[in-house]
Each structure stands twice: as structure tokens, then as C-alpha cells.
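Structural characterization, general
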Amino acid sequence: MQKNDMATVTIEDIGVNGEGIGKVDGYTLFIKDAVIGDRVEVKVMKAKKNYGYARLMKILEPSAARVEPRCPFARKCGGCQIQEMSYGQQLAFKEKKVRGNLERIGGFAPDILDRVMDPVLGMDEPFGYRNKAQFPFGTDKEGRPVTGFYAGRTHDIIANTDCALGVPVNQEILEIILAFMKEYGIPAYDEKTGQGLLRHVLIRYGFTTKEIMVCLVVNGSRIPRAEELICRLRGIDGMTSISLSPNTRQTNVIMGDSYQVLWGQGYITDYIGNVRYQISPLSFYQVNPVQTEKLYSLALEYAGLRGGETVWDLYCGIGTISLFLAQKAGQVYGVEIVPQAIEDAKKNAGLNGITNAEFFVGKAEEILPEYYERYSQEHGGESARADVIVVDPPRKGCDETLLETIVKMQPEKVVYVSCDSATLARDLKVLCGAGYELEKARPVDMFPMTVHVETCVLLQRRTM
Ligand code: SAH
């Protein structure tokens, strides 16, 4: 195969990024936007020795799993990757992806996986699930302000105020801001020149409380005629917090380092289960509240707490899992690298009258080993123990030193919450080689229409 060759392919598999995979005389082609079961005509864009990338030109016979995307921009927009796939097929793909990684990278045998894996936890309504959106501002060819999402792998804005994954109020807010920009000639920021003012808007919506937060990210320290914009925004039912975050650096990082309140409070509140959380513009908070509750309930179930246990929650963010577990445990320790998140975690503990949770700022792979050493010194060589250790690391997974300390602390159970099943599988292999048994694993679909999948795993210490 060579560049610009045309070919007819039947899609047989799906890649990790949601692309369709098909073969032409043994040569593998990766085709974006093609679904398993489709028969398609494609044009080769890039040809390597054993495989290539091709563009979908025409669907000759659509797959039974192909659906009409709800969003007209689904194919161009970088936000969704698999909206043209039926939701049932999406769930099957995610389950297979997690299972495949546990088998290949983790080295777990198929019969073990048959026994421990529970079916993926999906959503009843896989749209409108996000409680958070960050929209970039830009300028169209006619010089008018626009907002929407970036096209895949670029920073070209596809103008769209009605994202199918977000809440309806996003559109109302965005239309108000765009009208304000036009009326008062407030320019959008231009990434290339570093000129212009309005960079992004962060919108958060509390699904339980219906509280709304708007935070405007600006290339400067103020917005001219801000009082007029505030006046219009605060007319929206549920508006609770309007703030501004200055970000004058030429960077891909969306938010600035700080924020100032323009109107109302500096935060909104929301619930997961019966725990109440305060969320400020700069804190990490799970974006899919419906699935988060299912995920945390699963983590709690796996932890099997009876009361009285010592639990560590590593990578705890604003203490979401810690506080969930604290209701059933003796003592919970949370560790998180971002100081503001730990401030929120402490505040949230207070807000819920939870007194058995303590939080530490720092790297999990430093805090836990240091704690272990110090404990031993202070207790005449006795080892620090834990009953349950929960980890919820970012995509790169856990550090080797952290895994070693976890093993030394001999918790009865390790609950691993993961957003990347490849690093999860790698870490499970280490723990299972050091005295732990894979007991349960369940994928949870936190991000329908995208290729991402969360997994919750229970490891049990082997009885010697
Ligand atoms: N458990 C939380 C947050 C999970 S996201 C929740 O469910 O909401 C992962 C968190 O790990 C982020 O808050 C990130 O800031 C934090 N983090 C990243 N690297 C870390 C490290 N080395 N040590 C501790 N925390 C870290």
C-alpha cells in the first residue's frame, strides 16, 4: 500500500483510540470514524511497512452498530471519538480494552479474568452527563467572536455552543458571553499572537444542587464593562458563582494560578451520595456525577469496611473518596500533591462533620514511604500497618516505590481506581507478584462517546 491508494475494507476490530481496524491482503489499516462491521472505501494517508492510516471516504455498507451521531460536529470535534458507534457497542469495546490490557500487560490468565471481571457499568442516558465544560474563545473569518471545541489534534475552533455531552444551560451562558463580546467589542484571545482578552470560560453545574459556576479566563486582570456581563449572567436561574482567572502566559494550560470572585461565592456545592463537597474553580472534581457515585460505591463495596479500619486514600484530590470511605472506617488518611485540593478536602471534611479523616500534601510515593520509616523509628522497629489502601492515580499510574511501601504495610485489601487500564495492568502485575490476588475488576463508563474508561479493582492479600 502507498499513500493516496484507494481500498475497500471491512472493519474487523477497533483500536485504543476508537479507530476502526481492517485488513487489505494482510496489510493493516487504521481508519478514524469507521465502526466494526462497516464496509468502507478508504484513501491511504500514511503508509508504513506493515500498517497504515487511511481516511474514510465512503461507507459502502454500514455496520449494524453504526448510529447517527446526535451532534452534527461529532466527526470533526476532538471531544468525542466514538459517537457514531451504538452505546452498547461502546461498552463492549471498553470492556474488551480493559480485559485485553489485564491479559497482555498484567499477565492474567483468561480463566482468572472470566472469574473476577464484572460487566462494565454503563449509563442509562449517555448524553448530557458532564458537570464541567471549558470552552475556548476565538475569532471567525468575519472577525466575529466564536466559541466551541477544538477540532481533533488542532486548536481550530468548531463553533458550537450546544455540546451534546454538556448541560443545556451551557448554551445560554455562552450566547450571553458572545453577545456581550460583540456589543462591547471585547476581543477573543489569539493564541498565535498572544493578543486579545477572553481565553476560555469554565462552566460547572451541580447536578444535585443546580448551582452554577462561571469562571472567565482572561489574558489580563480585568474585563471592561464586567458589571454589564455579570448583570446578564446572574439572571440565569441557579447562578451562584461568577469569577475571573487571569492567565497571561502563552501556554496550553487553560486556567490561571488564581481566581477572584466577581459576584456571589467563590465556589459551588454538590453532593455525591450524601456527602457534600465545595468545589472551587481550580479544584479537580469528577466530571460525571452519575457515574462517580457508582464508581465510589463500588470502591466502598470492594473496601468491605466494617468500622474501625485504618484506610489510606492516595491521590485523593479534594477528598472525594476519602470522605465517602470515612463514613464506614475508623480512620482515613488522604494524600494529594495539589495544596489547594487538600485545603478543599479539609473544608469538605468539616462541612460534613467528618472528624476521622486527616490529609497530607505531597507526592504519594514520598509521603507514604516517609510515614512508614518514621513510624518504625518511633515504635521501636514495629511496622506501620493499614487495613485498606485505595489508590486513584493519574494516567501514568503508581510509582514503584509506592507499590513497595504498600506491600510492606500489608493491607488486607488494595482498591485500585484507574483511568488507564494499561498502567493499571502493569501495577497489578507488581502487586500480584508480591503477595496479592486479583479478586475483582469492573470497568465503569465515566466518559460515554469517548474512548476513555475507568476501572475499579480489588486485590486481596494472600493468606500465607
Ligand atoms: N481521587 C480523586 C482524584 C483523582 S485524580 C477523585 O476521585 O476526585 C488524581 C489526583 O492525583 C489528582 O488530584 C492529582 O492532583 C493527584 N496527583 C498526581 N500526582 C500525584 C502524586 N505523585 N502524589 C499524590 N497525588 C498526585
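Our subject is the structure listed above.
Notes on the structure follow.

Rules behind the numbers
Sequence positions are assigned chain by chain, starting from 1 and proceeding in written order. Confidence filtering applies because this is a predicted model: local features only for residues at pLDDT of at least 70, side-chain atom pairs given and counted only at 80 or more, and all residues used for totals across whole chains, interfaces and linings. The side-chain numbers reported here are obtained from all heavy atoms of the structure, hydrogens and water having been left aside. When DSSP finds at least two bridges between two strands, those strands are taken to pair. In this text, helices come from DSSP runs of H or I with a minimum length of four residues, and strands from runs of E with a minimum of two, each type numbered from the N-terminal end. Only the contacting stretch of a helix is used when fitting its axis, a line to C-alpha atoms as for every element, and angles between N-to-C directions run 0 to 180 degrees. Any pair of residues with heavy atoms lying within 4.5 Å of one another is described as a contacting pair. We call Phe, Tyr and Trp rings a pair once their centres come within 6.5 Å, taking the six-membered ring for Trp, and we label the pair stacked below 30 degrees between planes, edge-to-face above 60, and tilted otherwise. Partly exposed describes any residue whose relative accessible area lies between the buried limit of under 20% and the exposed limit of over 50%, with all areas from a 1.4 Å probe on protein chains only and scaled to the type maximum. Counted as over-ring charges are cases with an Arg CZ or a Lys NZ within 6 Å of the ring centre that also lie within 35 degrees of the ring normal.

**Focus on the sheet that holds strand β6 (residues 132-139)**
Spatial strand order, β8-β7-β6-β9-β10-β11-β12: 7 strands in an open sheet with mixed pairing. A strand with exactly one partner marks an edge of an open sheet, and here the two such strands are β8 (157-159) and β12 (260-264). On average, each strand axis in the sheet is inclined to that of its neighbour by 30°, with strand direction left out of account. Looking at chain direction, β6 and strand β7 (residues 145-150) are connected through 3 bridges and run antiparallel. Residue pairing across strands places Gly138 opposite Val146, the latter belonging to β7. Set on the sheet, helix α3 (residues 169-184) makes contact with β6, β7, β9 (198-205), β10 (212-218) and β11 (239-246); between it and β9 the angle comes to about 155°. Against the sheet, helix α4 (residues 226-233) contacts β10, β11 and β12, and its axis sits at roughly 150° relative to β11.

**A word on the packing of aromatic side chains**
Considering all chains together, one arrives at 14 aromatic pairs under this definition. Aromatic pair Tyr51 and Tyr53: ring centres 6.0 Å apart, planes at 80°, arrangement edge-to-face. What makes Tyr51 partly exposed here is its relative accessible area of 32%. Taken together, a centroid distance of 6.3 Å and an interplanar angle of 45° make the contact between Tyr333 and Tyr371 tilted. Here Tyr333 is found in strand β16 (residues 331-336), whereas its partner Tyr371 is found in helix α8 (residues 364-378), with 38 residues between them in sequence. By relative accessible area, which is 15% here, Tyr333 ends up buried. By relative accessible area, which is 18% here, Tyr371 ends up buried. Above the plane of the ring of Phe127 lies Arg70, whose end atom (NZ or CZ) is 3.9 Å from the centre. The ring of Tyr189 has Arg199 lying over it, and the distance from NZ or CZ to the ring centre is 4.2 Å.

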